[in-house]
Amino acid sequence: PKGSYSSFVRRISRALNAHGTCIISTPNKLVSSPDLDKPSNPFHTKEFTPDELVRLCAPYFKEIKLFGLKCVNKKFLQQRVLIEKTFRKKVVTYICGFKITHLLLPFIPSLLKTKVTKRNLLPDLKESDFIITPNNIDSSDGLIIVCKK
């Protein structure tokens, strides 16, 4: 529910001591699901834009710094672009917009999910395949916000 995100951040703020720090990460909606009402990833209930994330946290923290999380693995990025262009990807994204898909997902065998989404075509990623940057946040795959009381 919409109101629960604000309530969640407020509770985090209250739980921190006077000099506490909160770090939150989320996929960047501008990149992950820009034209969709719901996230394309069925395991996510909400994804935020950079502005939405800052507006969510600003009432509860004195200092806020926003960073982008970017994948720098060229092979992964090239393969992801090819998959994104496929008709299959568009169909999977469309189907994931339905609530019934989210409810049935736990019952779908993982081999079938992999075959349909083509995730097996992407190389495995490791920590060194990502950078955290204060630049070009709107085009970053993920968002990281550091909030201090």
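Everything quoted here is computed from the prediction, not taken from an experiment.

**As for the pattern of salt bridges**
- For the structure shown, the criterion picks out three salt bridges.
- Notably, a salt bridge pairs K46 with E52, separated by 3.9 Å at the nearest N-O pair.
- Judged by its relative accessible area of 30%, K46 is partly exposed.
- Since its relative accessible area comes to 25%, E52 is described here as partly exposed.
- Salt-bridge contacts for E63 lead to K65; the nearest nitrogen and oxygen are separated by 3.7 Å.
- Taking the relative accessible area as the measure of exposure, E63 reaches 35% and is therefore partly exposed.

**Describing the nonpolar core**
- Counting 13 residues, the largest nonpolar core has L53, C57 and I145 as the members making the most contacts within it.
- Elements that contribute at least two residues to this core include exactly β1 (21-27), α3 (50-57) and β4 (142-148).

**Topic: the sheet that holds strand β2 (residues 63-71)**
- What the four strands build is an open sheet, ordered β1-β4-β2-β3; its pairing is antiparallel. Bordering the open sheet on either side are β1 and β3 (130-133), each of which pairs with just one other strand. Between one strand axis and the next, the sheet turns by 20° as a mean value, whatever way the strands run.
- As paired elements, β2 and β3 share four bridges and run antiparallel to each other. Residue pairing for β3: L69 is matched across the bridge by I132.

**Here we look at the pairing of β2**
- Here β2 runs beside β4; their pairing, made up of seven bridges, is antiparallel. The residue bridging E63 from the neighbouring strand is K148, located in β4.

**Points about the packing of aromatic side chains**
- Overall, the coordinates contain one aromatic pair when judged by the stated rule.
- Judged by centre distance (5.6 Å) and plane angle (90°), the ring pair of Y5 and F48 falls under edge-to-face. Residue Y5 is located in helix α1 (residues 2-15), and its partner F48 is located in the loop between α2 (29-32) and α3; the two are separated by 43 residues in the primary sequence.
- By relative accessible area, F48 is classed as buried at 11%.

Cut-off values and rules
- Residues numbered from 1 in each chain as written.
- Predicted model: local features only at pLDDT ≥ 70, side-chain atom pairs only at ≥ 80, totals over all residues.
- Heavy atoms only, no water.
- Salt bridge = Lys/Arg side-chain N within 4 Å of Asp/Glu carboxyl O.
- Buried < 20%, exposed > 50% of the residue type's maximum accessible area, 1.4 Å probe, protein only.
- Core = buried A, V, L, I, M, F, W, Y, C linked by side-chain atoms within 4.5 Å.
- Helix = DSSP H or I, 4+ residues; strand = E, 2+ residues; numbered from the N terminus.
- Pairing = 2+ DSSP bridges.
- Axes fitted to C-alpha atoms, helices over the stretch in contact; angles between N-to-C directions.
- Phe/Tyr/Trp six-rings, centres within 6.5 Å; stacked < 30°, edge-to-face > 60°.

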